[in-house]
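# Overview (structure and organization)
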Amino acid sequence: MAASPLAPLLRAAEPGLMDLINVHEFEDFAKVKMHKLAYDFIAGGVEDEQTLRANRAAFERHFLLPRVMVDVTTVDTSATLFGTKMNIPLVIAPTGGKNLVLPNADEVVAQGALATNTPICSAVGVRKILEEGKPLTWWTNTTGQRDKKQTIEYAKRTEDSGGKGIVVTCDNPYQSNRDRNNRNKFDYGYMQSGVPKEGENRPPRNPAKPAMYQPHTPNMTWEYIRWLRGACNLPVVAKGILAPEDAEMAIQNGASAVGVSNHGGRQLDGAIASLDALPDVVSVVKGRVPVFMDGGIRRGIDIVKAIALGADAVLVGRAPLWGLATFGQPGVERVLWMLGAEFKLAMSLAGVTNVAGIKKLKVRRISA
Ligand SMILES: Cc1cc2nc3c(=O)[nH]c(=O)nc-3n(C[C@H](O)[C@H](O)[C@H](O)COP(=O)(O)O)c2cc1C
């Protein structure tokens, strides 16, 4: 991942919120501020991190053919998804383990989502906002329940508590092999409680080991999507789709949207970059359901490229976490604001006045 030229300076001086000029710099500063175990957990991918790097590299290989001489005095960045109007077609991705960054981090990110009118994939941290009757759009994220009965209960619970969708993580049957965590002797128990402080003695809960082969939901198949759809009226997003055949299976089994994703390079190393997988998935889906894309988005122009290649919306995982790690809620808000502002400017410079217009832009993939 490209480090900004500011990186050495960040080590020498503590910048303020408004000193950081892009998401890369938020990550650079987060790296300085965070415990190494926590930073590596969030920044890292699996094994040789081929897929992690490929996600960013794919954006650097795709180039737009911008249109000119278009009146771009007024540019509308908004999009509507499952009946919810969003400022920009961007959703905060599910990210487990936020407490590694700071205690109560899920609520802080949810407050940032509320303040910026950004939908968020998390049922954790939203309770207070809901109790106060504030208008947060949240979807749950699940890696599956044990059986059909529990799945139905889960779907109903989500609907009753005001969730607006269910995001099913389809690519997580086993704990993946994360070299950074293995090397750091990371304990997956820290995801709930944070990294122990200097001198604190905590019994191990779930220490990372090479290829630990720890099951999550290895028996989950497409019927799970059918169970959810049958149990509630919420849209169900199948996240973690890369093969066009799986996009078709998702739709055949009732998915309301397809999420093109390799889990931010955190599950199968060697899986294709999300942006590279997107066009073939879009060709199969043929507009029957919305297509989401995530993996490597750090700039507004990245969102434009994803939509030009057929996505209806993008998810961002690490970007808001770098805001969280550096400045808490104001950092989350600033990162989301930046992505939105860059997106609007990129649209204007590409000669499009609304999100539908982005889909008509041509994109060329240039090989190195
Ligand atoms: C720290 C962290 C935790 C994550 N936890 C989950 C999770 O619980 N469920 C899931 O579907 N995806 C999870 N993801 C993947 C994200 O939802 C998303 O697919 C990915 O982060 C997108 O790539 P990006 O970080 O480059 O934006 C996680 C990603 C990170 C960085």
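The structure this text deals with has already been given above.
A brief report on the enclosed structure follows. In this text, all values refer to a predicted model and were calculated from it rather than measured experimentally. (Residues numbered from 1 in each chain as written. Predicted model: local features only at pLDDT ≥ 70, side-chain atom pairs only at ≥ 80, totals over all residues.)

## Some details on the overall build of the protein
The helix and strand tally for the protein stands at 16 helices and twelve strands. In terms of overall size, the protein behaves like a compact globule, its C-alpha atoms giving a radius of gyration of 20 Å where 368 residues would be expected to give roughly 21 Å. Taking the principal axes of the C-alpha coordinates as reference, the protein spans close to 65 × 55 × 45 Å. Within the protein, the fraction of its 368 residues that count as buried is 48%. Taking all contacts inside the protein whose residues are at least 6 apart in sequence as the whole, residues at least 24 apart take part in 69%. (Helix = DSSP H or I, 4+ residues; strand = E, 2+ residues; numbered from the N terminus. Rg over C-alpha atoms; globule rule 2.2 N^0.38 Å. Buried ≥ 20, exposed ≤ 12 C-beta atoms within 10 Å, placed from the backbone. Contact = placed C-beta atoms within 7 Å.)

## What about unusual backbone geometry?
One non-glycine residue, Lys 185, adopts positive backbone phi at about 55 degrees. Look at Lys 185 and you get exposed, because 11 C-beta atoms sit within 10 Å. The phi angle at His 263 is positive, at roughly 65 degrees, despite the residue not being glycine. Position of His 263 among the secondary structure elements: in the loop between strand S9 (257-260) and helix H12 (274-285).

## Focus on helix H10 (residues 223-231)
Within the sequence span of H10, burial applies to Tyr 224, Ile 225, Trp 227, Leu 228 and Ala 231. Viewed end-on, H10 has its buried residues packed into an arc of 160 degrees, placing them on one side of the element. Tucked inside the fold, the buried residues of H10 contact helix H7 (148-160), strand S7 (166-169), strand S8 (236-241) and helix H11 (244-252). (Arc of directions from axis to C-beta.)

## Thoughts on the site of the ligand
Around the ligand, 23 residues are found, and the nearest of them are Ala 93, Gly 96, Thr 169, Gly 264 and Gly 317. Of all the elements in the fold, those that place two or more residues in the shell around the ligand are strand S11 (313-316) and helix H14 (318-327). A per-class count over the shell around the ligand returns seven nonpolar, twelve polar and four charged. (Near = placed C-beta within 6 Å. Nonpolar A, V, L, I, M, F, W, Y, C, P; charged D, E, K, R; others polar.)

## Things to note about the packing of H11 against H12
Between H11 and H12, the shortest axis-to-axis distance is 8 Å and the interhelical angle comes to 40 degrees. The chirality of how H11 crosses H12 is right-handed. Residue-level contacts link Pro 244, Ala 247, Glu 248 and Ile 251 of H11 to Asp 280, Val 281, Ser 283, Val 284 and Val 285 of H12. A per-class count over the contact of H11 with H12 returns six nonpolar, one polar and two charged. (Axes fitted to C-alpha atoms, helices over the stretch in contact; angles between N-to-C directions. Left-handed = near helix turned anticlockwise from the far one by under 90°.)

## Regarding helix H3 (residues 36-43)
Residues of H3 that are buried: Ala 38, Tyr 39, Phe 41 and Ile 42. All buried residues of H3 lie within an arc of 160 degrees about the axis, which places them on one face of the element. Packing partners of the buried residues in H3 comprise helix H2 (23-33), helix H8 (179-184) and H14.

## Some words on the environment of Gly 340
Summarising the element assignment, Gly 340 is placed in helix H15 (residues 329-349). When neighbours within four sequence positions are excluded, Gly 340 is seen to be in contact with Thr 77, Asn 87 and Ile 88.

## As for the nonpolar core
Membership of the largest hydrophobic core comes to 101 residues, with the highest contact counts inside it found for Val 258 and Val 314. It is H15 that provides the largest number of residues to this core, a total of eight residues. Setting aside residues up to four positions removed in sequence, Val 314 forms contacts with Pro 89, Leu 90, Phe 292, Met 293, Asp 294, Ile 297, Ile 303 and Ala 306. (Core = buried A, V, L, I, M, F, W, Y, C linked by C-beta atoms within 7 Å.)

## Comments concerning the pairing of strand S10 (residues 291-294)
On S10, burial covers both faces: Val 291 and Met 293 on one face and Phe 292 and Asp 294 on the other are all buried. Pairing between S9 and S10: three bridges, direction parallel. Counted as the bridge partner of Gly 259 is Phe 292 from S10. At this point the chain moves from S9, through H12, to the parallel S10, and the crossover so formed is right-handed. Relative to S11, S10 is paired through three bridges, and the arrangement is parallel. Across the sheet, Asp 294 pairs through a bridge with Leu 315, a residue of S11. (Pairing = 2+ DSSP bridges. Right-handed = clockwise from strand over helix to strand, strands pointing away.)

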